[in-house]
Amino acid sequence: MTVTIIGSQLGDEGKGGTVDLYGEGADVVVRYQGGDNAGHTVVVGDETYELSLLPSGVVRGKTCVIGNGCVVNPETLFDELDALRERGLDPDVRVAERAHVIFPYHRRLDGIEEEDKDEEVGTTGRGIGPTYEDKAGRRGIRVGDLLDEEVLRTRLEYVVPQKRAVVEDVFGKECGEELDIDELFETYSGYGERLAEEGMTVNCGDYLQSRIDDGDEVLLEGAQGTLIDIDHGNYPFVTSSNPTAGGACTGTGLGPTEIGQGEIVGIVKGYATRVGSGPLPTELAGVEGDTPGYEGSEAQPLSDAGEREEELATYIRDEGGEYGTVTGRPRRVGWLDLPVLRHATRASGFTGVVVGHIDVLAGLDEVQVGVSYDLDGTEIDTVPPTTEEWGRCSVNYRTFDGWPEVDWDAVASEGYDALPENARDYLEFVESELETPLYAVGVGPGRDQTIVLENPTT
Ligand code: IMP
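Keep in mind it's a predicted model, so treat the numbers as computed, not measured.

Thresholds, definitions, all that
- Residues numbered from 1 in each chain as written.
- Predicted model: local features only at pLDDT ≥ 70, side-chain atom pairs only at ≥ 80, totals over all residues.
- Heavy atoms only, no water.
- Pairing = 2+ DSSP bridges.
- Helix = DSSP H or I, 4+ residues; strand = E, 2+ residues; numbered from the N terminus.
- Domains from an automatic or database assignment.
- Contact = heavy atoms within 4.5 Å.
- Buried area = accessible area lost by both parts, 1.4 Å probe.
- Salt bridge = Lys/Arg side-chain N within 4 Å of Asp/Glu carboxyl O.
- Polar contact = N/O pair within 3.5 Å; in protein donor to acceptor, adjacent residues only side chain to side chain.
- Nonpolar A, V, L, I, M, F, W, Y, C, P; charged D, E, K, R; others polar.
- Near = heavy atom within 4 Å.
- Areas by Shrake-Rupley, 256 points an atom, 1.4 Å probe, with all protein chains shown as cover.

Caption draft 1: Here's a closer look at the sheet that holds strand S11 (residues 263–269). The 10 strands are arranged S9-S7-S5-S2-S10-S1-S11-S15-S19-S20 in an open sheet whose pairing can be described as mixed. Each end of this open sheet is capped by a strand with a single partner; those strands are strand S9 (201–202) and strand S20 (450–452). Inspection of the sheet shows strand S1 (residues 2–7) paired to S11 by 5 bridges, in the parallel sense. When the bridges of S11 are listed, Ile5 appears paired with Val265.

Caption draft 2: Quick look at the domain arrangement of the protein chain. Split into domains, the protein chain comes out as domain 1 (2–98 + 199–267), domain 2 (101–195) and domain 3 (272–452). Measuring from the centre of the C-alpha atoms in domain 1 to the corresponding centre in domain 3 gives 24 Å. Taken together, the contacts link 39 residues of domain 1 with 36 residues of domain 3. Interface area, domain 1 with domain 3, both sides summed: about 2,800 Å², of which 58% is carbon and sulfur. Across the pair Arg447 and Asp20 runs a salt bridge whose closest N-O atoms are separated by 2.8 Å. Run the count over domain 1 and domain 3 and you get 14 residue pairs in polar contact (both at pLDDT 80 or more). With 5 residues, S11 is the single largest residue contributor to the side of domain 1 that touches domain 3. Along the lines of polarity and charge, the residues of the side of domain 1 that touches domain 3 split into 17 nonpolar, 15 polar and 7 charged.

Caption draft 3: The site of the ligand, seen in detail. In the neighbourhood of the ligand, 17 residues make up the surrounding shell, with Asp12, Asn37, Thr124, Thr239 and Val275 lying closest. In the environment of the ligand, an oxygen atom lies 3.1 Å from a nitrogen or oxygen atom belonging to the backbone of Val275. For the ligand, an oxygen atom lies 3.3 Å from a polar atom in the side chain of Arg329. Taken by itself the ligand offers 470 Å² of open surface, and the protein chains cover 97% of this.

Written out as C-alpha coordinates, the structure is:
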(Lines give C-alpha, C1' and ligand atoms only; values in the text may rest on other atoms or scores of the structure.)
Protein backbone atom coordinates (compact mmCIF):
# COMPACT_ATOMS: atom_id res chain seq x y z
CA MET A 1 0.00 0.00 0.00
CA THR A 2 1.19 3.51 -0.76
CA VAL A 3 0.19 6.88 0.65
CA THR A 4 1.07 9.93 -1.42
CA ILE A 5 1.21 13.35 0.21
CA ILE A 6 0.67 16.32 -2.12
CA GLY A 7 0.79 20.08 -1.69
CA SER A 8 -2.53 21.42 -2.94
CA GLN A 9 -1.57 25.09 -3.16
CA LEU A 10 1.71 26.86 -3.97
CA GLY A 11 4.06 24.90 -1.72
CA ASP A 12 4.73 25.50 1.97
CA GLU A 13 1.43 23.90 3.02
CA GLY A 14 3.10 22.10 5.92
CA LYS A 15 3.58 18.75 4.22
CA GLY A 16 6.60 17.90 6.40
CA GLY A 17 4.40 17.77 9.50
CA THR A 18 1.89 15.40 7.87
CA VAL A 19 4.63 13.18 6.47
CA ASP A 20 6.11 13.03 9.93
CA LEU A 21 2.73 12.20 11.45
CA TYR A 22 1.65 9.58 8.93
CA GLY A 23 5.27 8.43 8.70
CA GLU A 24 4.88 6.67 12.02
CA GLY A 25 3.07 3.81 10.33
CA ALA A 26 5.23 3.82 7.19
CA ASP A 27 8.31 1.72 6.55
CA VAL A 28 9.75 3.74 3.67
CA VAL A 29 9.42 7.46 2.91
CA VAL A 30 10.22 8.60 -0.62
CA ARG A 31 10.66 11.92 -2.34
CA TYR A 32 9.76 11.76 -6.02
CA GLN A 33 10.50 15.21 -7.47
CA GLY A 34 12.33 18.45 -6.86
CA GLY A 35 15.62 18.82 -5.08
CA ASP A 36 17.06 20.99 -2.33
CA ASN A 37 14.53 23.72 -3.16
CA ALA A 38 12.03 22.16 -0.75
CA GLY A 39 11.66 23.45 2.76
CA HIS A 40 10.24 20.74 4.99
CA THR A 41 10.05 21.49 8.67
CA VAL A 42 9.52 18.77 11.26
CA VAL A 43 9.01 19.78 14.88
CA VAL A 44 9.44 17.12 17.58
CA GLY A 45 9.12 18.50 21.09
CA ASP A 46 11.73 21.25 21.37
CA GLU A 47 13.64 20.04 18.35
CA THR A 48 13.10 21.55 14.90
CA TYR A 49 14.50 19.86 11.82
CA GLU A 50 14.64 21.83 8.60
CA LEU A 51 15.24 19.67 5.56
CA SER A 52 15.61 20.79 1.99
CA LEU A 53 16.41 17.49 0.27
CA LEU A 54 16.08 14.52 2.59
CA PRO A 55 12.60 13.04 2.98
CA SER A 56 10.97 14.16 6.24
CA GLY A 57 10.65 10.50 7.34
CA VAL A 58 14.36 10.59 8.15
CA VAL A 59 13.52 12.17 11.50
CA ARG A 60 11.51 9.07 12.48
CA GLY A 61 14.34 6.78 11.47
CA LYS A 62 12.48 5.38 8.45
CA THR A 63 14.24 4.15 5.35
CA CYS A 64 14.22 7.18 3.07
CA VAL A 65 14.57 7.17 -0.69
CA ILE A 66 15.33 10.07 -3.02
CA GLY A 67 13.53 8.94 -6.16
CA ASN A 68 14.59 9.05 -9.78
CA GLY A 69 12.34 12.06 -10.41
CA CYS A 70 14.45 14.16 -8.04
CA VAL A 71 17.47 16.30 -8.81
CA VAL A 72 20.20 15.77 -6.26
CA ASN A 73 22.81 18.18 -5.01
CA PRO A 74 25.29 15.78 -3.38
CA GLU A 75 26.75 18.55 -1.25
CA THR A 76 23.34 19.19 0.35
CA LEU A 77 22.72 15.46 0.63
CA PHE A 78 25.86 14.88 2.68
CA ASP A 79 25.54 18.12 4.65
CA GLU A 80 22.02 17.19 5.75
CA LEU A 81 23.07 13.62 6.56
CA ASP A 82 26.08 14.79 8.58
CA ALA A 83 24.01 17.39 10.44
CA LEU A 84 21.44 14.74 11.44
CA ARG A 85 24.20 12.37 12.55
CA GLU A 86 25.64 15.15 14.69
CA ARG A 87 22.23 15.50 16.32
CA GLY A 88 22.26 11.83 17.25
CA LEU A 89 20.08 10.39 14.46
CA ASP A 90 21.09 7.42 12.34
CA PRO A 91 19.65 8.20 8.90
CA ASP A 92 19.10 5.39 6.39
CA VAL A 93 18.94 7.17 3.02
CA ARG A 94 18.98 5.65 -0.47
CA VAL A 95 19.33 7.57 -3.70
CA ALA A 96 17.99 6.50 -7.09
CA GLU A 97 20.75 5.89 -9.61
CA ARG A 98 18.45 7.39 -12.24
CA ALA A 99 18.10 10.71 -10.37
CA HIS A 100 19.89 13.63 -12.02
CA VAL A 101 22.71 15.49 -10.32
CA ILE A 102 22.75 19.23 -9.72
CA PHE A 103 26.19 20.65 -10.55
CA PRO A 104 27.54 24.06 -9.54
CA TYR A 105 27.07 25.29 -13.11
CA HIS A 106 23.33 24.63 -12.81
CA ARG A 107 23.16 26.93 -9.82
CA ARG A 108 25.22 29.55 -11.63
CA LEU A 109 22.94 29.41 -14.66
CA ASP A 110 19.83 29.58 -12.46
CA GLY A 111 21.15 32.87 -11.05
CA ILE A 112 22.27 34.28 -14.38
CA GLU A 113 18.92 33.52 -16.07
CA GLU A 114 16.92 35.01 -13.25
CA GLU A 115 18.98 38.20 -13.43
CA ASP A 116 18.58 38.33 -17.17
CA LYS A 117 14.78 37.94 -17.23
CA ASP A 118 12.47 40.94 -17.24
CA GLU A 119 9.97 38.89 -15.28
CA GLU A 120 12.01 36.76 -12.91
CA VAL A 121 10.42 33.57 -11.57
CA GLY A 122 11.85 34.10 -8.09
CA THR A 123 13.52 30.69 -8.00
CA THR A 124 15.28 29.36 -4.94
CA GLY A 125 18.54 29.64 -6.86
CA ARG A 126 19.34 25.97 -6.29
CA GLY A 127 19.86 25.11 -9.96
CA ILE A 128 16.64 23.11 -10.17
CA GLY A 129 15.39 24.36 -13.55
CA PRO A 130 18.74 24.10 -15.37
CA THR A 131 19.20 20.52 -14.10
CA TYR A 132 15.78 19.43 -15.34
CA GLU A 133 16.55 21.22 -18.63
CA ASP A 134 19.63 19.05 -19.04
CA LYS A 135 17.63 15.95 -18.15
CA ALA A 136 15.10 16.72 -20.89
CA GLY A 137 17.92 17.77 -23.24
CA ARG A 138 19.60 14.35 -22.74
CA ARG A 139 22.80 15.93 -21.53
CA GLY A 140 22.24 15.45 -17.80
CA ILE A 141 24.52 13.49 -15.49
CA ARG A 142 22.84 10.99 -13.21
CA VAL A 143 23.67 9.68 -9.76
CA GLY A 144 24.63 6.33 -11.31
CA ASP A 145 27.18 8.14 -13.50
CA LEU A 146 29.03 9.41 -10.42
CA LEU A 147 29.89 5.80 -9.58
CA ASP A 148 31.82 5.26 -12.80
CA GLU A 149 34.77 7.62 -13.25
CA GLU A 150 35.09 7.01 -16.95
CA VAL A 151 31.43 7.76 -17.62
CA LEU A 152 31.53 10.83 -15.38
CA ARG A 153 34.61 12.22 -17.16
CA THR A 154 33.10 11.61 -20.61
CA ARG A 155 29.83 13.27 -19.70
CA LEU A 156 31.54 16.30 -18.14
CA GLU A 157 33.76 16.70 -21.20
CA TYR A 158 30.65 16.78 -23.37
CA VAL A 159 28.50 19.12 -21.33
CA VAL A 160 30.86 21.60 -19.66
CA PRO A 161 32.10 23.27 -22.88
CA GLN A 162 28.46 23.84 -23.85
CA LYS A 163 27.75 25.47 -20.52
CA ARG A 164 30.88 27.60 -20.77
CA ALA A 165 29.69 28.84 -24.15
CA VAL A 166 26.28 29.73 -22.72
CA VAL A 167 27.79 31.63 -19.80
CA GLU A 168 30.37 33.46 -21.91
CA ASP A 169 28.80 33.89 -25.32
CA VAL A 170 25.09 34.10 -24.54
CA PHE A 171 25.21 35.96 -21.24
CA GLY A 172 28.64 37.63 -21.58
CA LYS A 173 29.81 36.49 -18.13
CA GLU A 174 33.04 34.98 -16.92
CA CYS A 175 33.31 31.31 -16.02
CA GLY A 176 34.71 30.27 -12.66
CA GLU A 177 35.46 27.04 -10.82
CA GLU A 178 31.90 25.90 -11.44
CA LEU A 179 32.91 25.23 -15.05
CA ASP A 180 36.33 23.70 -14.53
CA ILE A 181 36.18 20.08 -15.70
CA ASP A 182 39.05 18.84 -13.53
CA GLU A 183 37.67 20.51 -10.45
CA LEU A 184 34.19 19.12 -11.10
CA PHE A 185 35.52 15.65 -11.80
CA GLU A 186 37.56 15.61 -8.60
CA THR A 187 34.68 16.73 -6.39
CA TYR A 188 31.91 14.68 -8.00
CA SER A 189 33.85 11.45 -8.32
CA GLY A 190 34.52 11.93 -4.59
CA TYR A 191 30.77 12.11 -4.00
CA GLY A 192 30.40 8.97 -6.10
CA GLU A 193 32.92 7.18 -3.90
CA ARG A 194 31.09 8.18 -0.76
CA LEU A 195 27.73 7.08 -2.20
CA ALA A 196 29.27 3.70 -3.06
CA GLU A 197 31.05 3.32 0.29
CA GLU A 198 27.85 4.00 2.18
CA GLY A 199 25.89 1.68 -0.14
CA MET A 200 23.34 4.42 -0.76
CA THR A 201 22.36 3.99 -4.40
CA VAL A 202 19.36 1.94 -5.54
CA ASN A 203 17.39 1.01 -8.61
CA CYS A 204 14.43 2.96 -7.24
CA GLY A 205 11.37 1.33 -8.84
CA ASP A 206 12.63 -2.21 -8.23
CA TYR A 207 13.65 -1.40 -4.71
CA LEU A 208 10.29 0.16 -3.78
CA GLN A 209 8.24 -2.53 -5.49
CA SER A 210 10.13 -5.24 -3.61
CA ARG A 211 9.48 -3.44 -0.32
CA ILE A 212 5.76 -3.24 -1.19
CA ASP A 213 5.72 -6.92 -2.18
CA ASP A 214 7.24 -7.70 1.22
CA GLY A 215 4.26 -5.99 2.83
CA ASP A 216 5.89 -2.67 3.65
CA GLU A 217 4.02 0.62 3.71
CA VAL A 218 5.49 3.28 1.40
CA LEU A 219 4.82 6.98 1.94
CA LEU A 220 5.50 9.25 -1.03
CA GLU A 221 6.33 12.79 -0.07
CA GLY A 222 5.54 15.50 -2.61
CA ALA A 223 7.55 18.69 -2.43
CA GLN A 224 6.32 22.13 -3.60
CA GLY A 225 2.65 22.29 -4.63
CA THR A 226 0.10 21.84 -7.41
CA LEU A 227 0.07 25.47 -8.57
CA ILE A 228 3.82 25.40 -9.14
CA ASP A 229 3.71 22.07 -10.99
CA ILE A 230 5.38 22.44 -14.38
CA ASP A 231 2.25 21.11 -16.15
CA HIS A 232 -0.62 22.00 -13.85
CA GLY A 233 0.78 25.15 -12.27
CA ASN A 234 0.86 28.75 -13.38
CA TYR A 235 3.56 28.55 -16.00
CA PRO A 236 6.16 30.07 -16.14
CA PHE A 237 6.06 30.87 -12.41
CA VAL A 238 6.55 27.21 -11.60
CA THR A 239 9.16 24.78 -10.47
CA SER A 240 10.47 22.36 -13.09
CA SER A 241 8.94 19.10 -11.86
CA ASN A 242 5.55 17.48 -11.17
CA PRO A 243 4.52 17.69 -7.50
CA THR A 244 1.08 16.27 -8.50
CA ALA A 245 0.26 12.56 -8.20
CA GLY A 246 1.43 11.70 -11.71
CA GLY A 247 4.92 12.73 -10.62
CA ALA A 248 4.78 10.10 -7.88
CA CYS A 249 4.66 7.41 -10.60
CA THR A 250 7.27 8.74 -12.99
CA GLY A 251 9.46 9.94 -10.14
CA THR A 252 9.71 6.55 -8.42
CA GLY A 253 9.16 3.86 -11.04
CA LEU A 254 6.03 2.60 -9.27
CA GLY A 255 3.10 2.14 -11.63
CA PRO A 256 -0.03 4.35 -11.61
CA THR A 257 -2.05 1.37 -10.41
CA GLU A 258 0.24 0.98 -7.40
CA ILE A 259 -0.09 4.67 -6.52
CA GLY A 260 -3.79 4.77 -7.43
CA GLN A 261 -4.71 1.79 -5.27
CA GLY A 262 -3.30 3.67 -2.32
CA GLU A 263 -4.32 6.93 -0.70
CA ILE A 264 -3.55 10.36 -2.13
CA VAL A 265 -3.75 13.01 0.53
CA GLY A 266 -3.87 16.72 -0.30
CA ILE A 267 -2.30 19.07 2.21
CA VAL A 268 -4.10 22.38 2.57
CA LYS A 269 -2.98 25.39 4.53
CA GLY A 270 -5.98 27.27 5.97
CA TYR A 271 -4.96 30.34 3.96
CA ALA A 272 -2.86 30.98 0.86
CA THR A 273 0.83 31.83 0.67
CA ARG A 274 3.23 32.28 -2.18
CA VAL A 275 6.98 32.77 -2.30
CA GLY A 276 8.23 34.12 -5.58
CA SER A 277 6.45 35.82 -8.44
CA GLY A 278 3.11 35.28 -10.16
CA PRO A 279 -0.56 35.85 -9.43
CA LEU A 280 -2.17 35.18 -6.07
CA PRO A 281 -5.82 36.16 -6.59
CA THR A 282 -6.82 36.10 -2.91
CA GLU A 283 -3.69 38.02 -1.87
CA LEU A 284 -3.86 40.39 1.07
CA ALA A 285 -1.46 42.62 -0.75
CA GLY A 286 -2.48 45.93 0.70
CA VAL A 287 -1.84 47.38 -2.72
CA GLU A 288 -4.49 47.15 -5.39
CA GLY A 289 -3.31 44.97 -8.25
CA ASP A 290 0.08 44.34 -6.71
CA THR A 291 1.28 40.94 -7.87
CA PRO A 292 5.04 41.38 -7.88
CA GLY A 293 6.80 40.10 -10.93
CA TYR A 294 3.56 39.61 -12.81
CA GLU A 295 3.26 41.73 -15.91
CA GLY A 296 0.27 43.99 -15.78
CA SER A 297 0.46 44.61 -12.06
CA GLU A 298 0.67 48.24 -11.18
CA ALA A 299 1.02 49.37 -7.64
CA GLN A 300 -1.66 51.83 -6.55
CA PRO A 301 -1.44 54.06 -3.46
CA LEU A 302 -2.62 52.42 -0.26
CA SER A 303 -6.23 53.10 0.70
CA ASP A 304 -7.56 52.57 4.25
CA ALA A 305 -8.80 49.16 3.16
CA GLY A 306 -5.39 48.48 1.65
CA GLU A 307 -3.69 49.35 4.92
CA ARG A 308 -6.01 46.98 6.78
CA GLU A 309 -5.16 44.24 4.30
CA GLU A 310 -1.48 44.84 4.78
CA GLU A 311 -1.87 44.67 8.56
CA LEU A 312 -3.81 41.44 8.25
CA ALA A 313 -1.20 39.93 5.95
CA THR A 314 1.57 40.91 8.37
CA TYR A 315 -0.38 39.41 11.27
CA ILE A 316 -0.92 36.09 9.50
CA ARG A 317 2.66 36.03 8.20
CA ASP A 318 4.10 36.53 11.67
CA GLU A 319 1.66 34.21 13.47
CA GLY A 320 2.26 31.50 10.89
CA GLY A 321 6.03 32.05 10.60
CA GLU A 322 5.56 32.55 6.88
CA TYR A 323 9.18 33.02 5.92
CA GLY A 324 10.86 30.66 3.44
CA THR A 325 12.65 27.68 4.98
CA VAL A 326 15.20 27.60 2.17
CA THR A 327 15.63 31.28 1.36
CA GLY A 328 14.19 33.12 4.39
CA ARG A 329 12.06 35.25 2.05
CA PRO A 330 8.80 36.62 3.51
CA ARG A 331 5.86 34.83 1.90
CA ARG A 332 2.98 36.67 0.30
CA VAL A 333 -0.26 35.90 2.13
CA GLY A 334 -3.92 35.61 1.09
CA TRP A 335 -7.24 33.96 1.94
CA LEU A 336 -7.96 30.31 1.20
CA ASP A 337 -8.72 29.87 -2.48
CA LEU A 338 -11.22 27.10 -3.36
CA PRO A 339 -10.71 27.24 -7.15
CA VAL A 340 -7.06 26.36 -6.45
CA LEU A 341 -8.09 23.48 -4.21
CA ARG A 342 -10.64 22.14 -6.73
CA HIS A 343 -7.94 22.19 -9.41
CA ALA A 344 -5.53 20.32 -7.13
CA THR A 345 -8.15 17.79 -6.02
CA ARG A 346 -8.89 16.89 -9.63
CA ALA A 347 -5.29 16.89 -10.87
CA SER A 348 -4.14 14.46 -8.17
CA GLY A 349 -7.40 12.67 -7.32
CA PHE A 350 -7.22 13.28 -3.58
CA THR A 351 -8.78 10.59 -1.41
CA GLY A 352 -8.54 12.85 1.64
CA VAL A 353 -7.37 16.28 2.74
CA VAL A 354 -5.47 17.59 5.74
CA VAL A 355 -6.19 21.21 6.61
CA GLY A 356 -3.58 22.94 8.75
CA HIS A 357 -2.69 26.26 10.34
CA ILE A 358 -6.18 26.67 11.80
CA ASP A 359 -4.57 28.11 14.95
CA VAL A 360 -2.87 30.84 12.90
CA LEU A 361 -6.23 32.30 11.86
CA ALA A 362 -7.55 32.37 15.45
CA GLY A 363 -8.40 35.77 16.86
CA LEU A 364 -9.53 37.35 13.59
CA ASP A 365 -13.03 38.89 13.54
CA GLU A 366 -13.79 37.19 10.29
CA VAL A 367 -12.13 34.78 7.92
CA GLN A 368 -12.76 34.78 4.20
CA VAL A 369 -12.67 32.01 1.64
CA GLY A 370 -12.44 32.62 -2.10
CA VAL A 371 -15.22 30.42 -3.53
CA SER A 372 -15.12 31.28 -7.23
CA TYR A 373 -13.55 33.71 -9.69
CA ASP A 374 -14.93 36.21 -12.17
CA LEU A 375 -12.91 36.07 -15.36
CA ASP A 376 -13.83 38.62 -18.00
CA GLY A 377 -17.46 38.64 -16.86
CA THR A 378 -17.88 34.87 -16.43
CA GLU A 379 -17.96 33.08 -13.09
CA ILE A 380 -15.61 30.09 -12.95
CA ASP A 381 -14.87 27.72 -10.10
CA THR A 382 -11.43 26.42 -10.98
CA VAL A 383 -8.08 27.77 -12.17
CA PRO A 384 -7.92 28.94 -15.79
CA PRO A 385 -5.12 27.49 -17.94
CA THR A 386 -3.09 30.61 -18.60
CA THR A 387 -1.32 32.68 -16.01
CA GLU A 388 -2.52 35.88 -17.69
CA GLU A 389 -6.14 34.75 -17.25
CA TRP A 390 -5.48 33.73 -13.67
CA GLY A 391 -3.98 37.16 -13.04
CA ARG A 392 -7.18 38.79 -14.38
CA CYS A 393 -9.47 36.81 -12.07
CA SER A 394 -11.29 38.67 -9.34
CA VAL A 395 -12.48 36.62 -6.41
CA ASN A 396 -15.95 36.02 -4.97
CA TYR A 397 -15.65 35.46 -1.23
CA ARG A 398 -17.70 33.83 1.45
CA THR A 399 -17.17 35.30 4.90
CA PHE A 400 -17.01 33.18 8.04
CA ASP A 401 -17.12 34.40 11.62
CA GLY A 402 -13.69 34.10 13.20
CA TRP A 403 -12.79 31.74 16.02
CA PRO A 404 -11.04 32.55 19.28
CA GLU A 405 -7.54 31.73 20.41
CA VAL A 406 -7.82 28.62 22.58
CA ASP A 407 -5.49 26.12 24.20
CA TRP A 408 -4.59 24.27 21.01
CA ASP A 409 -2.66 21.53 22.78
CA ALA A 410 -5.80 20.71 24.76
CA VAL A 411 -7.90 20.79 21.58
CA ALA A 412 -5.43 18.49 19.84
CA SER A 413 -5.62 15.95 22.62
CA GLU A 414 -9.42 16.17 23.03
CA GLY A 415 -10.15 15.81 19.33
CA TYR A 416 -12.22 17.31 16.56
CA ASP A 417 -15.29 18.23 18.63
CA ALA A 418 -13.10 20.40 20.86
CA LEU A 419 -12.38 22.77 17.97
CA PRO A 420 -14.20 26.11 18.16
CA GLU A 421 -17.54 25.82 16.36
CA ASN A 422 -16.71 28.47 13.77
CA ALA A 423 -13.50 26.66 12.87
CA ARG A 424 -15.49 23.46 12.37
CA ASP A 425 -17.93 25.33 10.11
CA TYR A 426 -14.99 26.55 8.06
CA LEU A 427 -13.45 23.09 7.79
CA GLU A 428 -16.72 21.39 6.93
CA PHE A 429 -17.38 23.94 4.21
CA VAL A 430 -14.02 23.15 2.63
CA GLU A 431 -14.63 19.42 2.94
CA SER A 432 -18.04 19.63 1.28
CA GLU A 433 -16.87 21.95 -1.52
CA LEU A 434 -14.04 19.56 -2.38
CA GLU A 435 -16.22 16.48 -1.91
CA THR A 436 -13.23 14.94 -0.20
CA PRO A 437 -13.11 13.75 3.40
CA LEU A 438 -11.14 15.61 6.02
CA TYR A 439 -8.36 13.33 7.27
CA ALA A 440 -6.72 15.63 9.80
CA VAL A 441 -6.65 19.17 11.13
CA GLY A 442 -3.41 20.94 12.08
CA VAL A 443 -3.58 23.30 15.06
CA GLY A 444 0.14 23.86 15.53
CA PRO A 445 3.48 22.83 14.07
CA GLY A 446 4.30 20.06 16.55
CA ARG A 447 3.88 16.31 16.12
CA ASP A 448 1.10 16.25 18.75
CA GLN A 449 -0.71 19.30 17.43
CA THR A 450 -2.74 17.55 14.78
CA ILE A 451 -6.23 16.13 15.19
CA VAL A 452 -6.22 12.89 13.26
CA LEU A 453 -9.56 11.71 11.89
CA GLU A 454 -8.11 9.16 9.48
CA ASN A 455 -4.57 7.80 9.39
CA PRO A 456 -4.04 5.96 6.11
CA THR A 457 -0.79 4.32 7.24
CA THR A 458 -2.28 2.52 10.24
P1 IMP B 1 12.80 26.64 -8.29
O2 IMP B 1 12.08 25.41 -7.86
O3 IMP B 1 13.94 27.01 -7.38
O4 IMP B 1 13.22 26.58 -9.72
O5 IMP B 1 11.78 27.86 -8.18
C6 IMP B 1 10.67 27.99 -9.05
C7 IMP B 1 9.46 28.54 -8.32
O8 IMP B 1 9.01 27.58 -7.38
C9 IMP B 1 9.73 29.81 -7.52
O10 IMP B 1 8.56 30.62 -7.55
C11 IMP B 1 9.98 29.31 -6.12
O12 IMP B 1 9.71 30.27 -5.15
C13 IMP B 1 8.97 28.17 -6.08
N14 IMP B 1 9.35 27.14 -5.10
C15 IMP B 1 10.32 26.20 -5.24
N16 IMP B 1 10.37 25.40 -4.17
C17 IMP B 1 9.40 25.83 -3.34
C18 IMP B 1 8.93 25.38 -2.07
O19 IMP B 1 9.40 24.40 -1.48
N20 IMP B 1 7.89 26.09 -1.56
C21 IMP B 1 7.31 27.13 -2.20
N22 IMP B 1 7.71 27.58 -3.37
C23 IMP B 1 8.75 26.94 -3.95
